[in-house]
Amino acid sequence: MKTWIYGLAGIALLGLGACNNLTENQRTVAGVAGGAAAGLLTAEALGADDDWRLISALGGAAAGTVVAQNQNQRVCAYSRGDGTYYEAPCP
């Protein structure tokens with residue numbers, strides 16, 4: 001099972017290199033898939049049980065969605081250090 005998961009994650013990472021010419025929806029789907037895979041791999045590496053694997057995959061998918069949408073808008077979020085943040089163009 002672990003070999004299958006690692007192989008799938010490797011293929012997903014290689015596929016992310018081809019994301020330059022994607023539409024907004026395609027980039028969002030790629031962000032969801034990549035984030036979910038990263039969350040699942042992290043949970044697997046830490047030896048989490050099935051419940052935590054699901055939670056980490058969902059959290060990764062949510063984070064991947066936010067990153068993909070921010071890249072589409074070319075806007076990054078920066079922390080002020082007091083718990084708030086502001087948005088500005090990405091460098």
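Values in this document were obtained by computation on a predicted structure and should not be read as measured data.

Draft legend 1. Representation of the environment of Tyr 85 in the model. If you trace the backbone, Tyr 85 turns up in strand E2 (residues 85-89). With sequence-adjacent residues up to four places away left out, Tyr 85 is seen in contact with Ala 77, Tyr 78, Ser 79 and Arg 80.

Draft legend 2. Molecular detail of the pairing of E2. Judged from the five bridges that link them, strand E1 (residues 75-79) and E2 form a sheet pairing that is antiparallel. Paired with Ser 79 across the bridge in E2 is Tyr 85. Following E1, the chain reverses through five residues before pairing antiparallel with E2; Gly 81 in that reversal takes a positive phi of roughly 95°.

Draft legend 3. Up close: the pattern of salt bridges. Following the criterion strictly, the structure yields two salt bridges and no others. Glu 44 serves as the salt-bridge partner of Arg 53, at 3.2 Å between the closest nitrogen and oxygen. Between Arg 53 and Asp 50 there is a salt bridge, with the nearest N and O atoms lying 3.0 Å from each other. In this pair, Arg 53 and Asp 50 both sit in helix H3 (residues 50-73), three residues apart, roughly one turn of the helix. Residue Arg 53 is classed as partly exposed on the basis of its relative accessible area, which comes to 23%.

Draft legend 4. Layout of the confidence of the model for the chain. The predicted model of the chain has a mean per-residue pLDDT of 75, with 69% of residues at 70 or higher. Put simply, helix H1 (residues 2-16) is where the chain has its lowest mean pLDDT, 62, and helix H2 (residues 24-45) is where it has its highest, 82.

Conventions used here
Residues numbered from 1 in each chain as written. Predicted model: local features only at pLDDT ≥ 70, side-chain atom pairs only at ≥ 80, totals over all residues. Heavy atoms only, no water. Helix = DSSP H or I, 4+ residues; strand = E, 2+ residues; numbered from the N terminus. Contact = heavy atoms within 4.5 Å. Pairing = 2+ DSSP bridges. Salt bridge = Lys/Arg side-chain N within 4 Å of Asp/Glu carboxyl O. Buried < 20%, exposed > 50% of the residue type's maximum accessible area, 1.4 Å probe, protein only. pLDDT = per-residue confidence, 0-100.

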